[in-house]
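Here is what each chain is made of, one letter per residue.
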Amino acid sequence: MKDKAYVLFEEQQLARGIDVNHVKQKLAELKIETPSWGYGDSGTRFKVFQKEGVPRNPFEKMEDAAVVHRLTGLAPTVAIHIPWDQVDDYSKLRSHAENLGLRIGAVNPNLFQADEYMLGSVTNSDSKIRRMATDHLLACVDIAKETGSKDVSLWFADGTNYPGQGDIRKRKGWMQEALQEMYRALDPDMRMLIEYKCFEPAFYHTDLADWGMAYNMALKLGEQAQVLVDTGHHLPGANIEHIVAYLLDEKRLGGFHFNSRKYADDDLIVGTVNPYELFLIFYQILQGSMDEDEGIRSGVDKIAYMLDQSHNIEQKIPAMIRSVLNVQTQYAKALLVDHEEVAAAQKNNDVLAAEHAVRRAFEFDVTPLLHAVREEQGLPVDPMEAYLNSRYTAEIAGRGKGGASW
Ligand code: PSV
Ligand code: MN
Ligand code: MN
């Protein structure tokens, strides 16, 4: 029997002309990749806190990720970070993931922790260090081929702290050279996702500081190079949904690293501080999914939704469950936007009506809808409660403290 609250919700949406079955179908298709490093211990520059039960290796990270997916139905892939997740045999890690009902997602080369990279990796003025960094990029492409991953996501800590410290234009050329070499190593069905970040750890200039620079590199490389929008990597006040719409229209929006931020790259649980921003990002994407240009529509289908979070003070698995549920909630709300209503208001230049048509979708309570969707998929109606009532935390306590960092 249908829940009363759901019946009411369905009636309300039907009266607005929203096709609830279509909304449910879109919700069933939503997939969010979780990051292996979000299951490990992490902290700030002040301290890394060690928690009990944290995975000790990449295999255990997959086991925790499988729990998140089993309870939410939302997270079938896991991003890995190399060398944090280095193993002797990647086919073993792949089959371990597959036996747990998961797949390995994006491969993230780590180009910021070796001592050699203090003054840059692919943009270092020392050609030997640039070679070392480019070789690591190539090694990560090979790993992706072994794990069956189609995306290699690139974030560079490269930049300078002082005017004159580096030759900005030479560094730009070195970045392009390294990316070009890596691009040539990709199989035709693989993508390079290029992340940008306005500052940190370098504070004077970052070699790929914003979406325009990442987009420019992608354009020079070719269609398999796309931009990755990390929601924590913008200066305060940036209109991220505008960037999203622009890249989508240019067919270069490759994916997201979702997280919440208040001040900078805080890497907090997505949707906690700025849920409306997340909703507005999905509003732009869903509008793109109805575009008459097939290229834009298929671009929407290929967007990789990934989390990029570090859980410093939270329990890792519940933090990940909360995160994917928060994304699902804002996506559900965005699915309730009546795009015809918005278009009509725009046509009449009715500013307030247009704003109202968008915001009202955000204001609906989608809890009954999400409960119904989970029930239909045989999932726990409240995945967080199901986790907290499960024995998993007790089971992994046997791992003790001192698990993997990041
Ligand atoms: C550092 O800013 C960062 O958070 C980037 O967003 C990367 O995607 C992530 O670390 C993993 O390397
Ligand atoms: Mn990121
Ligand atoms: Mn970041």
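Here the structure is a predicted model, which is why all the values come from computation and not from measurement.

1. Regarding the confidence of the model for the protein chain
Of all residues in the protein chain, 100% have pLDDT values of 70 or greater, and the mean over the chain is 97. Both scores are available for the predicted complex, with the pTM at 0.98 and the ipTM at 0.99.

2. Topic: the environment of Ile32
By the secondary structure assignment, Ile32 is in the loop between α2 (20-29) and β1 (34-35). Here the alpha-carbon distance between Ile32 and Tyr215, two residues 183 residues apart in the chain, equals 23 Å. Setting aside its immediate chain neighbours within four residues, Ile32 contacts Leu74, Ala75, Tyr305, Leu307, Val324 and Val327.

3. Some thoughts on the pairing of strand β4 (residues 151-154)
Alternating positions in β4 separate into two faces, Asp151 and Ser153 on one and Val152 and Leu154 on the other, with burial throughout. In terms of strand pairing, β4 meets strand β6 (residues 191-195) through 4 bridges, oriented parallel. Bridge pairing in β6 links Asp151 to Arg191.

4. Thoughts on unusual backbone geometry
Look at the link from Ile82 to Pro83: it is a cis peptide, with omega at 20°. Considering the arrangement of structural elements, one finds Pro83 in the loop between β2 (77-82) and α4 (90-99). Between Glu200 and Pro201 the backbone carries a cis peptide bond, its omega angle lying at 10°. Inspection of the secondary structure assignment puts Pro201 in the loop between β6 and β7 (205-206). A positive phi angle, close to 60°, is found at Lys251, a residue other than glycine. Relative to the helices and strands, Lys251 is located in the loop between α8 (240-249) and β9 (253-258).

5. Quick look at the nonpolar core
Membership of the largest hydrophobic core comes to 101 residues, with the highest contact counts inside it found for Val68, Met192, Ile194, Ala214, Val227, Val244 and Val324. If you tally residues by element for this core, the top one is helix α11 (residues 316-334), at 10 residues. Not counting residues up to four positions away in its chain, the partners in contact with Val68 are Thr34, Ala75, Ile317, Met320, Ile321 and Val324.

6. Let's talk about helix α14 (residues 367-376)
Taken residue by residue, α14 has Leu369, Leu370, Ala372, Val373 and Arg374 as its buried positions. Phi turns positive, to about 70°, at Gly378, one or two residues after α14.

7. So, the packing of helix α1 (residues 4-15) against α14
Relative orientation of the contacting elements α1 and α14 amounts to 110°, with a least axis distance of 8 Å. Taken together, α1 and α14 sit at an angle that is classed as roughly perpendicular. The interaxial crossing formed by α1 with α14 has left-handed handedness. Contacts from Ala5, Tyr6 and Phe9 of α1 reach α14 at Pro368, Leu369, His371 and Ala372. Among the residues making up the contact of α1 with α14, the classes are represented as 6 nonpolar, 1 polar and no charged.

How each quantity is defined
Residues numbered from 1 in each chain as written. Chains lettered and ligands numbered in written order. Predicted model: local features only at pLDDT ≥ 70, side-chain atom pairs only at ≥ 80, totals over all residues. pLDDT = per-residue confidence, 0-100. Helix = DSSP H or I, 4+ residues; strand = E, 2+ residues; numbered from the N terminus. Contact = placed C-beta atoms within 7 Å. Buried ≥ 20, exposed ≤ 12 C-beta atoms within 10 Å, placed from the backbone. Pairing = 2+ DSSP bridges. Core = buried A, V, L, I, M, F, W, Y, C linked by C-beta atoms within 7 Å. Axes fitted to C-alpha atoms, helices over the stretch in contact; angles between N-to-C directions. Parallel < 35°, antiparallel > 145°, perpendicular 65-115°, else oblique. Left-handed = near helix turned anticlockwise from the far one by under 90°. Nonpolar A, V, L, I, M, F, W, Y, C, P; charged D, E, K, R; others polar.

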